[in-house]
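Residues per chain, in single letters:
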Amino acid sequence: MNQEPRIIFSLNTAPIANNRWNMGNRFIETIYMTALSILYCHLWYEDIELYVDDMAYKFLYMLPCRVTKMPFTHDKELWSASKIKAIQLQTKPFVHLDTDVFIKNKIDFNFDKVLLERKEGGYMIHYKKQIEFFNQFTDNLPFWNKDLGHSFSCGVLGFKDLSLRNRFIQAYFELEDIYIKVKHQFSPLKKKGYEPVILIEQYTLACMLDYENIKPSLLLSGRGIKEHSKQAEEIGYSHLFGVTKYKKNIIQEIEYRLFKIFPYWYDQVKTALEKQKIVQKKYPNNQVV
């Protein structure tokens with residue numbers, strides 16, 4: 001794509017505030033992380049919009065981009081639904097970035113039909129058992145592959161072909177409907193740590209692209225995590241996927257960078273959190289007010 005793309009983000013705070021990944025309430029950390037992600041992006045791109053729920057809006061409305069409130073389904077297992085709603089609204093080519101993505105140099109998001117972050121590893125670990133489960137219910141879905149052998153990360157998800165976007169959304173909802181109907185049967189896998197949303201979003205898209213013989217553009221085209229990490233470092237890109245981003249040293253670094261690089265915006269977000277008594281205000285001597 002020749003022109004600079006529209007960049008969008010989405011954030012539904014309900015799952016992360018209600019023990020997603022059995023990590024308790026990670027609302028504050030997620031607000032700071034989202035602010036840093038968007039402010040890095042703001043250094044390089046002009047057309048940015050963040051879609052948020054009512055709760056997040058109170059603390060992120062002041063960021064230097066369009067911030068739009070949206071009603072999201074509060075289901076911690078289907079946490080990518082907010083992304084689907086956001087991409088569904090787009091009327092021109094766009095790139096959706098997850099809020100744990102940080103862009104430290106301008107990246108030319110040049111692609112043809114669809115852009116994805118990378119080909120995922122861990123197919124046998126994260127996908128195989130889930131695919132076998134869903135295979136029982138997908139005979140009427142022509143695009144579904146019973147053992148494709150790969151999936152893609154959607155930390156970066158861009159569409160230039162909006163009709164392809166529409167077909168993906170339809171496929172997503174078909175898989176989501178199946179999951180909702182058989183959720184109780186999936187519970188043994190859920191208890192073992194499997195996340196159905198990665199299959200419903202990422203594997204579904206991989207199947208559909210394979211079915212339509214479409215080769216996606218990949219931001220990180222190397223093989224395996226070492227090559228991906230090297231390439232990401234070279235282009236100034238990082239994605240703190242999974243539970244990694246909530247490790248103590250990582251969340252401390254995120255808040256520090258927000259404070260150090262974007263002090264005005266850090267103060268705005270922190271003040272909003274203090275006013276709503278989400279964080280405690282402290283005097284200069286570190287005593288709690």
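Here goes a summary of the coordinates provided. Model, not experiment: these values are computed from the prediction. (Residues numbered from 1 in each chain as written. Predicted model: local features only at pLDDT ≥ 70, side-chain atom pairs only at ≥ 80, totals over all residues. Heavy atoms only, no water.)

Moving on: the pattern of salt bridges. Where charged atoms from two side chains of opposite charge come close, those side chains can pair. Evaluated as defined, the whole model comprises 16 salt bridges. We note a salt bridge from Glu120 to Arg118, for which the minimum N-O separation is 3.7 Å. Taking the shortest distance from any N to any O, the salt bridge between Lys270 and Glu274 comes out at 2.6 Å. Of this pair, Lys270 and Glu274 are both found in helix α10 (residues 263-275), four residues apart, which corresponds to roughly one turn of the helix. Among the residues examined, Lys270 registers a relative accessible area of 26% and is labelled partly exposed. (Salt bridge = Lys/Arg side-chain N within 4 Å of Asp/Glu carboxyl O. Helix = DSSP H or I, 4+ residues; strand = E, 2+ residues; numbered from the N terminus. Buried < 20%, exposed > 50% of the residue type's maximum accessible area, 1.4 Å probe, protein only.)

This next bit is on the nonpolar core. Counting residues in each nonpolar core, the largest one holds 50 residues, and the members touching the most others are Ile7, Ile31, Leu50, Leu97, Phe109 and Tyr237. Of all the secondary-structure elements, those providing two or more residues to this core are β1 (6-11), α2 (27-42), β2 (48-52), α3 (54-60), β4 (94-97), β5 (101-103), α9 (248-261) and α10. Considering every element that reaches this core, the biggest residue donor is α2, with ten residues. What Ile7 contacts, discounting residues up to four positions off in sequence, is Cys41, Tyr45, Asp47, Ile48, Glu49, Val95, Leu97 and Phe109. Phe152, Tyr172, Val182 and Leu189 belong to the second largest nonpolar core, which has 49 residues in total. (Core = buried A, V, L, I, M, F, W, Y, C linked by side-chain atoms within 4.5 Å. Contact = heavy atoms within 4.5 Å.)

On the secondary structure map, Gln130 appears in helix α5 (residues 123-134). Judged by its relative accessible area of 0%, Gln130 falls in the buried class. Ignoring anything within four residues of it in the chain, the contact list for Gln130 reads Phe186, Leu189, Tyr194, Glu195, Pro196, Ile198 and Leu199.

Within the open sheet, the seven strands sit side by side as β3-β2-β1-β4-β7-β6-β8. Their pairing is mixed. Both edges of this open sheet fall to β3 (66-69) and β8 (217-218), since each of them pairs with a single strand only. With four bridges connecting them, β2 and β3 associate as parallel partners. Within β3, the residue paired with Val52 across the bridge is Lys69. Relative to strand β7 (residues 152-159), helix α7 (residues 196-211) is tilted by about 65 degrees, and along the sheet it contacts β6 (114-119) and β7. (Pairing = 2+ DSSP bridges. Axes fitted to C-alpha atoms, helices over the stretch in contact; angles between N-to-C directions.)

Right, let's talk about the packing of aromatic side chains for a bit. In the structure shown here, the tally under the stated rule is 21 aromatic pairs. Between Tyr179 and Phe186 the ring centres are 5.5 Å apart and the planes differ by 80 degrees, which places this aromatic pair in the edge-to-face class. No difference in accessibility class separates Tyr179 from Phe186, as the two residues are buried. Site record: aromatic cluster; members linked through ring pairs are Tyr123, Tyr127, Phe133, Phe134, Phe137, Trp144, Tyr179, Phe186 and Tyr203. For the cation-ring pair, Lys69 lies above Tyr57, with the distance from its terminal atom to the ring centre recorded as 5.0 Å. (Phe/Tyr/Trp six-rings, centres within 6.5 Å; stacked < 30°, edge-to-face > 60°. Lys NZ or Arg CZ within 6 Å of the ring centre and 35° of its normal.)

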